[in-house]
Amino acid sequence: MEQEAVVETKGPAFRERFSSALDRAERVYLKVLRAALLVIATCLLLYAAWLGVWSLWKIAQSPNSVVEQPATVAADELTDAEMPTRNSAAPPEGPKIDAAKQRYYADFVKRYYALYRRRFEPFRQKEDKLLSRDQFDDSFVESNERLQAAAKGDINFEEEKADLETLLTVMTEAAAKPQTQQRLSKYRSAKKVRVDKKVQRSRTEFRSGWNRNSMSCSDWYIAPYGCPERRSVQIPYTETVHSMEFPKGTQSHTQIFRAFQDRFFSLLHDRREANRMNAENQRDEISLGNALGKVTLWTVLQILAGFLVLMFFFLLIAIERHQRRMAPEPEPA
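Residues numbered from 1 in each chain as written. Predicted model: local features only at pLDDT ≥ 70, side-chain atom pairs only at ≥ 80, totals over all residues. Heavy atoms only, no water.

Quick one: what's the story with the packing of aromatic side chains, residue by residue and with numbers?
Both the distance between ring centres and the angle between the ring planes are used here to describe each pair of aromatic rings. One pass over the full model with this rule turns up 18 aromatic pairs. Judged by centre distance (6.4 Å) and plane angle (25 degrees), the ring pair of Tyr104 and Phe108 falls under stacked. Pair noted here: Tyr104 and Phe108 are both in helix H2 (residues 99-119), with a separation of 4 residues, about one helical turn. Note on Tyr104: relative accessible area 11%, which makes it buried. Residue class for Phe108 comes out buried when judged on its relative accessible area of 0%. Measuring from centroid to centroid gives 5.3 Å for Phe264 and Phe265, while their planes differ by 80 degrees, and the two rings are edge-to-face. (Phe/Tyr/Trp six-rings, centres within 6.5 Å; stacked < 30°, edge-to-face > 60°. Helix = DSSP H or I, 4+ residues; strand = E, 2+ residues; numbered from the N terminus. Buried < 20%, exposed > 50% of the residue type's maximum accessible area, 1.4 Å probe, protein only.)

This is how it looks when you write it as structure tokens:
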């Protein structure tokens, strides 16, 4: 009987200890879950706030805010330019020319020609042709073509005017550079030397022979069979040509002037295109950012919804803990 009483006493005590251990484990688990929910909810809230600010900033950007950078050319970039001369074309007939634009081009040619006469022409050689203002205009400025293009609307006159003014400024600076003066002085003192060049040519020779496949003559069947004929043959040969030329690397004052001008417009065009493409890429990036910002705002709303769900579970856990605290302690058996 005593043994049965001991067993009965140990049974309830074991169950109480086991139940108490489960309660402690449950409290620990609820605390860990509560802390985890708080950490995750805080991270979601911070992430949603960051995404919201980033999205609003992206949406607030405007592609029209991107301004294309102006293209510039420095005088030092012209001083080593080398380019052969080119023939000028006759000015085509076109629509009626605006008098104000015509006066501007005439004035520009006058100032540009003065630069050429002052800085480049003194270095010409005696046999070089003196260019009049009209010849200079036709060769370098081509004001008639520019007037026609402006009248047709093919070019923007204000932009063209700004480019020409910049050209005059940069060319004036380039002409004063020591490297330019050195190249011009080199040409003025240069002497032509004899240059021998081997040229590949061909000459035509007529040769006699027998065409054994021809039956156009009366006695083609008599040996030697066929018809006699004369045919032309191209014979290649090499000829040495003598000429008087300036030493290699020597260019005339007009060639240097032309090279500087062509280099200026080439660099200006390339950099203007690069700036235009860069501005276009920036506008595309802003437009893409606007679209991405709107999509991200939807993500922010989803994250906030997840945050509210976590807060709901957190509330359930808090209610459970509160109920446990308010529950009366079980009376000992």
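Could you give an account of the pattern of salt bridges, naming the residues involved and the relevant values?
Applying the stated criterion to the full structure yields 9 salt bridges. For Arg146, the salt bridge identified is with Glu160, shortest N-O distance 2.0 Å. Highlighted residues: Arg146 in helix H4 (residues 143-152) and Glu160 in helix H5 (residues 157-175), separated in sequence by 14 residues. Here Glu160 falls in the buried class, since its relative accessible area comes to 11%. For Glu239, the salt bridge is made with Arg201, and the minimal N-O distance between the two is 2.8 Å. Residue Glu239 is located in strand E2 (residues 227-245), and its partner Arg201 is located in strand E1 (residues 193-211); the two are separated by 38 residues in the primary sequence. The class of Arg201 is partly exposed, set by a relative accessible area of 38%. Overlapping salt bridges bring together Asp107, Arg111 and Glu165 as one network. (Salt bridge = Lys/Arg side-chain N within 4 Å of Asp/Glu carboxyl O.)

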